[in-house]
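What follows is each chain in one-letter form.
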Amino acid sequence: MSDVQIPALKPYHPTTFQERGVSVPFTTPLLEGTRARPTEKQRVELVIPNPSGGRGVYIMPWKAIADWCRPTLHDAVFNDRIAALRNVTPTAIRRVGLQVAAEGLAGEEAMEAARIAVDTEKDDRIVTNYRLLMTLVEQVRSRFSLPDLVKAPGRIDVMAQAKLTVEWISPRLGQTATWTAGALEALAEVLLHIGIGSNSTTGRMPRILAMLRRTRSEISEWGSYLHDDDHADYIAMVCAVTDLTLSLAQTTLGQAQALTSDMVDLLRKWAADPQEISRLAMRPEWLLDGWEQICLIWSHARDDAERRAALAEIIALVPVLPKEAVEWTEIKADFDIALRFRRLVSLNEDWRSGSVVFQLIARNEHFRAITCRMS
Amino acid sequence: MDRIKGFHPMTRGSPIAQQQAVRVLRVELHQADDEKIRRVAAMLDHVSDATGKQAILDPLRPRLRQLKTVRPLRFTRLLFTPFEPLIVTARAWKPGEATVPRNALGALALLVRTSLEPDVAQIDATIAGQASDTMQVITRAGAVLWPRAGEILAACTAPPPDWQRTGVRDALFLPLVHAMATVLRCGPQLRDLQRDADVAALAANETAIRAIIETLADQPPEGCVMVAQLILLQSPAAAPLLRQFIASLTDTAQRVRLNKAMADGTERALTQMESQAGIVEGVGRAPLAEIGDQVRRITRLLREIGQESGGQAHRPRLTAIRKKLDEVCRNRFSDGMTEGLVNPLTGGRGEIDRAGQTRMETCARDLRRLETAVRTVGGSGHYDDLLHKVSETVQTAAASGTLTPVRTFRLIEILTGPEAATALYREDKRRT
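Residues numbered from 1 in each chain as written. Chains lettered and ligands numbered in written order. Predicted model: local features only at pLDDT ≥ 70, side-chain atom pairs only at ≥ 80, totals over all residues. Heavy atoms only, no water.

The next point concerns the pairing of strand β2 (residues 35-38) of chain A. All names here are of chain A. Of the strand pairs in this sheet, strand β1 (residues 22-23) and β2 are connected by two bridges, and their pairing is antiparallel. The residue of β2 that forms the bridge with Val-22 is Ala-36. Linking β2 back to strand β3 (residues 44-49) in an antiparallel pair, the connection comprises five residues, with Gln-42 at a positive phi of about 60°. (Pairing = 2+ DSSP bridges. Helix = DSSP H or I, 4+ residues; strand = E, 2+ residues; numbered from the N terminus.)

So, in structure tokens, the structure goes:
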């Protein structure tokens, strides 16, 4: 870290998820926990957590960041790409992350994982589209009185039957069959990660939820072994925010997954206001944004010493929950808990600097590979 | 292994023939490469003849330590883990030097084991099938074993019946085991400090240091010196806080005693660094992946010793150690660079593949960790020159098609910094 004049810390009390920003998986140790958010001037600004783990954030231009902490090439390119984004969402940042990793800028392991993930996502989109179509066919067959030709199973192949169903239902939606097919494709894109139909426990969001549940349980179990008040406080904070996040994410995920329980209604709503459906489907991703890194930091720790270090790192990364989450779920809770417990942890003077930096960058690149594999 | 003649540990022959076979094997092993040493050690882990095994392994111990060979986690290894930097060969051991003779470990382990019955089964079950690098198992099983073993050794009043076989005189038994008992009583806290220092994320653990000082209250001086030496060698960042706590003790006699232990521990740590086994072998022959952390610890220790109140008196010795460390690191850096980067890049074996690139990136990181840690003791110009040269080799390899552009940027980034890599990346994007 150079002796660069850095701006004053700014307060950070986001009330909306947009204002909280989207977690950016930078590999530079000092940029860990950085979030990107849109400004009023339609630009993207970076919110960097206080490196000491205390309250407040830094907001500074990339040039100042580059002078302050020597960002990796991966991060410099990542920053270039997100500066050009029109919508800063977790999905958009994740896609940029996959592109940058697929170029090889986070190392060989992440490159391989990202390239596979890009191909897998294309396949998943096709599978999701197919699932939505088949769900529509099944629901239309069971809820409407269809002409024999449309409902005749076994006499024609599945796709032909699906085509007939779409042609039959589309006029009843006030749309053409082409519109319905296009809408199903667009919905596949929107609902890709929430896990629909028989995939409801294996989509990306359900997987992250399961990983967060596991991490919470491990942290709590580890805490029960320790007899240390400081750690007990931190563990209580992490577990409390995790529980709240799990509850909110599970609720919003359930709401998003329920959208497909009435496909005809979903298509009607999509026709009326596609943005509203997208927003609803994106909620779990906004809520879980930033937690994947926390789970990875925890799972990387092999013994008590590494877990103590992981906990200190996690404390500074626990995402602040904006009050907007109440509007989404009507769950009442203490949303300031993550902020109130954010306080100074005594860190080693060499941490994130000196010779340790190289190990941390390698670790963060390994995390990029795991994240790509989980995409 | 197949090329090591005379290695037949299970051979049933005359004792003379066996001794001759061991001698031949020792000579062969002395010249063996690292990989062969690892394989021999792994094979010997499954040999039950303790005496024969010791005869072969003893001369190899320094190299095994340097290679950080992963071994099965057995009761004896777990029990003496807290003493690791203090364990010396029978020949090197001198009473009163706050070290532990390796030839005594077997008898002491048996003594502790017998006294622990029947609870030893629980420890055996915990470590069964584990390796010497399973950190958490060592920490947790050690937390159970070490304090109890400390009490057992502290309660000893006479050597066990087979003690003479160790070669350590009976009269030296009690001072040795009572000093060792002190270390074992502090075992869990020493382990916490050591692992925290390895991870390098948190500041010194106050709770552990306070517990150690409390434990040392009525312990023999040699035991206190052992503890001080272990803290200095393994967790030097904790030393200032330890001194601070000692200085704040209201019991004057206790303060004087512990200050003396710290001074003696410092003296021993300096002597160890000055010895051949310290810097030259400990750092010079360690695997590249380990050296950065070792040098980081040593430079921190040298800084702490220099900054302590009596540090002025140590200045000439510190300067000599720094000079030796710088010299050893320069050679190790240069060798590591040639072996891990220059040779693969100039070997004419065609385009570097994924595995080759990963190996080179790992090597480049290890070199940078070493160079960043050692810059504080020597000049930086030497390393800058070498890094500049190797980055030129990288660019030459890129021009000849050995490296893809992205692999080139990655190596340049690690070797010379992200600014150079970002400039190359942007230039490449402009051209394409």
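This part covers the confidence of the model for chain B. Looking at chain B as a whole, its pLDDT mean stands at 89, while 91% of the residues score no less than 70. For the stretch residues 1-11 of chain B, pLDDT sits under 50, and the model shows 24 contacts to residues farther than four places along the chain or on other chains. (pLDDT = per-residue confidence, 0-100. Contact = heavy atoms within 4.5 Å.)

Attention now moves to the sheet that holds strand β4 (residues 57-59) of chain A. If you trace the four strands from one edge of the open sheet to the other, you get β1-β2-β3-β4 (chain A), paired in antiparallel fashion. Each edge of the open sheet carries a strand with a single partner, namely β1 and β4 of chain A.

A word on the packing of helix α16 (residues 288-307) of chain B against helix α18 (residues 354-374) of chain B. Residue and element names in this part refer to chain B. Interhelical geometry of α16 versus α18 gives an angle of 15° and a closest axis separation of 8 Å. Comparing the axis directions of α16 and α18 gives the class roughly parallel. The two elements α16 and α18 meet at a crossing, and its hand is left-handed. Only Cys-363, Asp-366, Leu-367, Arg-369, Leu-370, Ala-373 and Val-374 of α18 make contact with α16, whose side of the interface consists of Leu-288, Ala-289, Ile-291, Gly-292, Asp-293, Val-295, Arg-296 and Thr-299. (Axes fitted to C-alpha atoms, helices over the stretch in contact; angles between N-to-C directions. Parallel < 35°, antiparallel > 145°, perpendicular 65-115°, else oblique. Left-handed = near helix turned anticlockwise from the far one by under 90°.)

Attention now goes to helix α7 (residues 158-172) of chain A. Residue and element names in this part refer to chain A. The terminal C-alpha atoms of α7 lie 22 Å apart, and with 15 residues this matches the ideal 21 Å at 1.5 Å per residue to within 8%. Burial in α7 covers these residues: Gln-161, Ala-162, Thr-165, Val-166, Trp-168, Ile-169 and Ser-170. Its side-chain oxygen 3.1 Å from the backbone nitrogen of Met-159, Asp-157 forms the N-cap of α7. Where α7 terminates, the next one or two residues include Gly-174, which has phi positive at roughly 75°. (Expected span 1.5 Å × (residues − 1). Buried < 20%, exposed > 50% of the residue type's maximum accessible area, 1.4 Å probe, protein only. Polar contact = N/O pair within 3.5 Å; in protein donor to acceptor, adjacent residues only side chain to side chain.)

Moving on, we get to the interface of chain B and chain A. Facing the 40 residues of chain B at the interface are 42 residues of chain A. Taken as a group, B:Arg140, B:Leu202 and B:Arg354 account for 16% of the area that chain B buries against chain A, more than any other trio of residues on that side. Between the two partners, chain B and chain A, sit 12 salt bridges. For B:Glu419, the salt bridge is made with A:Arg70, and the minimal N-O distance between the two is 2.8 Å. Remark: the boundary between chain B and chain A carries 17 residue pairs in polar contact (both at pLDDT 80 or more). Of all the elements in the fold, those that place two or more residues in the side of chain B that touches chain A are α8 (135-154), α10 (187-199), α16, α18, α20 (405-416) and α21 (418-431) of chain B. For the side of chain B that touches chain A, the leading source of residues is α18(B), giving nine residues. (Buried area = accessible area lost by both parts, 1.4 Å probe. Salt bridge = Lys/Arg side-chain N within 4 Å of Asp/Glu carboxyl O.)

A word on the pattern of salt bridges. A complete count under the given rule lists 57 salt bridges over all chains for this structure. Here A:Arg95 and A:Glu189 are joined by a salt bridge, their closest N and O atoms 2.8 Å apart. Separated by 94 residues along the polypeptide, A:Arg95 in helix α4 (residues 90-102) and A:Glu189 in helix α8 (residues 177-191) bring together distant segments of the chain. Looking at A:Arg95, the relative accessible area reads 26%, which means it is partly exposed. When its relative accessible area of 30% is taken as the criterion, A:Glu189 is described as partly exposed. The partner of B:Arg410 in a salt bridge is A:Glu365, and the shortest N-O contact between them spans 2.7 Å. Of this pair, B:Arg410 sits in helix α20 while A:Glu365 sits in helix α17 (residues 356-374), each in a different chain. By relative accessible area, which is 2% here, B:Arg410 ends up buried. Exposure remark for A:Glu365: the relative accessible area of 7% places this residue in the buried category. One continuous salt-bridge network, built from bridges that share partners, spans A:Arg94, A:Arg95, A:Glu121, A:Arg125, A:Glu189, A:Arg204, A:Glu285 and A:Glu292.

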